[in-house]
Amino acid sequence: MNRESLSRLRKSSGDRVGGADATRSGQSHGHGHSHGHGHSHGHGLTDIAHLLSPMTKWIVIGVLSIAGLAVTIGAVALWPTKSDHPIPILFQSSDGKAIETVDGEVVDQFRANCLNSVSGEVQETADIPVNPVPGGPCILSTVRLDSGPSQGRYTVLEVPTGRAGGATGPGAPRPDPNALDEPMPGQPTLKIGDAIRLSTVPGVDGTQRYTFFDFQRGTALLIWALLFVGAVVLVAAWRGLRSIIGLAFAFLVLGVFTLPAILEGSSPVAVALVSSAAILFVVLYLAHGVSLRTSSALLGTLTSLVMAAILSKVAIDTMKLTGMSGEQTANLQIYQGTISVSGLLLAGFIIGTLGVLNDVTITQASAAFELAAAGEPTRLATFRAAMRVGRDHIASTVYTLVFAYAGSALPLLLLFSVAQQPFGSLVTTETVAVELARTFVGGIAIALSVPLTTAIAAALVAPTGAAPMPATTATPAPARPRPKQTPQGRPTPTPATAAPPVPAPPPTTDIPVSRSRHARPD
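Model, not experiment: these values are computed from the prediction.

## What to know about the nonpolar core
Now for step 1: Counting 59 residues, the largest nonpolar core has Leu280, Leu298, Leu302, Leu321, Phe349 and Ile446 as the members making the most contacts within it.
Now for step 2: Among the elements of the structure, helix H3 (43-78), helix H4 (218-263), helix H5 (268-288), helix H6 (292-319), helix H8 (341-374), helix H9 (379-408) and helix H12 (430-460) are those that each provide at least two residues to this core.
Now for step 3: In this structure Ile446 touches Val356, Leu357, Val360, Ile394, Thr397 and Leu401, once residues within four positions along its chain are discounted.
Now for step 4: Listed in part, the 9 residues of the second largest apolar core include Leu145, Leu157, Leu190 and Leu198.

## With respect to a nonpolar patch on the surface
Now for step 1: Judged by side-chain polarity, Val398, Tyr399, Val402 and Phe403 come together as a nonpolar surface patch covering roughly 400 Å² of accessible area.
Now for step 2: Counting through the fold element by element, Tyr399 comes out in helix H9.
Now for step 3: Residue Tyr399 is classed as exposed on the basis of its relative accessible area, which comes to 55%.

## Some thoughts on the pattern of salt bridges
Now for step 1: In the structure shown here, the tally under the stated rule is 10 salt bridges.
Now for step 2: Notably, a salt bridge pairs Asp214 with Arg217, separated by 3.0 Å at the nearest N-O pair.
Now for step 3: Two residues, Lys313 and Asp317, come together in a salt bridge whose shortest N-O distance is 3.6 Å. One end of the pair is Lys313 and the other is Asp317, both in helix H6 and 4 residues apart, which spans about a single turn.
Now for step 4: Residues participating in the shared-partner salt-bridge network are Glu105, Arg144 and Asp146.

## Observations concerning the side chain of Thr353
Now for step 1: Among the structural elements, Thr353 can be located in helix H8.
Now for step 2: Every residue in contact with Thr353, bar those within four places of it in the chain, is listed here: Leu305, Ala308 and Gly442.

## Things to note about the pairing of strand E4 (residues 195-202)
Now for step 1: Note: strand E1 (residues 101-112) against E4, 5 bridges, orientation antiparallel. Pairing of Thr101 across the sheet is with Ser199, part of E4.
Now for step 2: Direction of pairing for E4 relative to strand E5 (residues 208-215): antiparallel, over a ladder of 7 bridges. Bridging across to E5, Ile196 finds its partner in Phe215.

## So, the state of the cysteines
Now for step 1: Tallying each qualifying case throughout the model produces 1 disulfide.
Now for step 2: The disulfide partner of Cys114 is Cys138, and the S-S distance across this bridge is 1.8 Å. Given an S-S torsion of about 105°, the disulfide between Cys114 and Cys138 has right-handed geometry. Remark: Cys138 occurs in strand E2 (residues 138-145) and Cys114 occurs in the loop between E1 and E2; sequence separation between them is 24 residues.
Now for step 3: We classify Cys114 as partly exposed; its relative accessible area is 25%.
Now for step 4: For Cys138, a relative accessible area of 1% puts it in the buried group.

Rules used in this analysis
Residues numbered from 1 in each chain as written. Predicted model: local features only at pLDDT ≥ 70, side-chain atom pairs only at ≥ 80, totals over all residues. Heavy atoms only, no water. Core = buried A, V, L, I, M, F, W, Y, C linked by side-chain atoms within 4.5 Å. Buried < 20%, exposed > 50% of the residue type's maximum accessible area, 1.4 Å probe, protein only. Helix = DSSP H or I, 4+ residues; strand = E, 2+ residues; numbered from the N terminus. Contact = heavy atoms within 4.5 Å. Patch = residues over 30% accessible without salt bridge, like charges linked within 9 Å, V, L, I, M, F, W, Y side chains within 5 Å. Areas by Shrake-Rupley, 256 points an atom, 1.4 Å probe, with all protein chains shown as cover. Salt bridge = Lys/Arg side-chain N within 4 Å of Asp/Glu carboxyl O. Pairing = 2+ DSSP bridges. Disulfide = S-S within 2.5 Å.

Right, here's the structure in full:
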């Protein structure tokens with residue numbers, strides 16, 4: 001046998017041995033190829049990913065600690081000291097004091113003529129000394145006084161109807177024939193059994209007289225509040241209860257710090273930023289727990305809130321918004337001239353974006369952490385997957401903003417719809433422009449908060465592909481042999497059990513190549 005033939009025979013035997021060893025290696029180590037690939041390409045990225053999370057964690061904790069310290073200093077510096085403020089005329093009684101109200105209940109009604117002298121007077125019994133007139137122009141309601149100095153006695157409220165006449169002259173609206181027996185616009189519709197509130201008005205003779213002030217809503221509000229709390233707690237359990245406690249804290253901050261500080265003359269913008277940040281610190285950690293997930297959402301919300309403040313300032317300046325379009329703001333400026341109206345408008349923008357930003361950021365942080373736990377291999381993959389969720393969230397939240405503002409301004413939109421003015425002229429009025437600016441600023445802040453919060457959360461997660469590797473370096477498994485191709489181009493099936501290794505033949509030179517390996521040598 002020549003040297004070339006022997007070389008081919010040894011090579012064939014070596015291939016079979018190598019294939020068997022590779023098969024056994026694959027059986028003992030599982031995915032040998034994937035292990036080798038991870039070691040050859042993943043050392044650098046794994047080390048960076050393993051170090052990134054702790055470093056980012058301490059950066060987030062440090063930034064939040066500085067923000068918390070700044071909020072504390074701001075609250076101390078802006079804390080209100082005065083408590084007495086002049087009462088606006090709208091809320092003054094005839095003697096210059098605050099309006100006093102009492103409770104009452106409508107016990108009887110009848111029709112009569114208008115301008116009765118007993119209207120508002122205190123009566124000892126429910127028998128009002130007024131002659132009923134069927135179809136009269138006024139509705140007289142007998143009210144029992146349930147609190148105040150005249151408790152247990154009665155008074156009468158006079159409400160004119162459409163039959164009493166109204167404004168006359170050019171441009172005055174014509175009365176609706178179907179509403180002649182209904183109270184005139186701006187007058188209350190009272191029924192027997194209604195619980196109402198009455199304001200006390202000193203008469204010319206020094207006696208107390210009573211007028212309608214408002215309906216009593218305490219019981220109805222309490223029932224709806226209990227239903228609200230019950231629904232939240234029933235679905236969200238303890239986390240829902242903690243969110244309710246956080247909501248109560250938010251109203252406490254607004255009532256104890258925000259409003260008094262603004263009334264005292266402090267910067268509305270500074271007060272709004274400090275109040276919003278304080279609310280976020282307590283509400284987020286209380287409702288969602290102290291964790292990196294919550295911290296990433298908090299940092300994203302605080303950053304987005306600052307961006308919203310900057311955007312609001314730019315929008316107010318570029319649109320020349322004065323804040324004087326609202327009746328309440330104009331009255332406040334008259335009686336509290338120390339308050340900056342433009343600053344108050346800006347503070348309203350900031351606080352208005354607080355809730356929607358909180359919703360978006362906590363959702364994005366949760367999505368990033370859940371996706372990483374579900375098997376996203378890297379932080380970049382986690383960021384991309386969470387951004388897909390964030391894009392849908394942006395679209396739905398923008399609709400929420402627009403329709404919320406449109407719903408609150410619906411009476412104004414109806415009034416403008418009959419004004420017979422060009423659409424462009426109506427849209428550019430300050431009343432509409434303020435609501436549009438709120439929508440634009442809120443939408444931009446939401447759009448920016450999604451990638452920001454997602455990036456912070458993705459930097460803090462520990463995805464599957466970023467798990468720390470063993471200290472020792474394993475020897476890569478040998479490559480598995482490629483399956484042979486059949487004439488039809490399909491790979492031949494690999495047997496479940498590898499064939500035993502075939503020993504190399506002895507180095508003899510007298511074995512013909514054409515003979516079978518079972519034939520005896522000559």
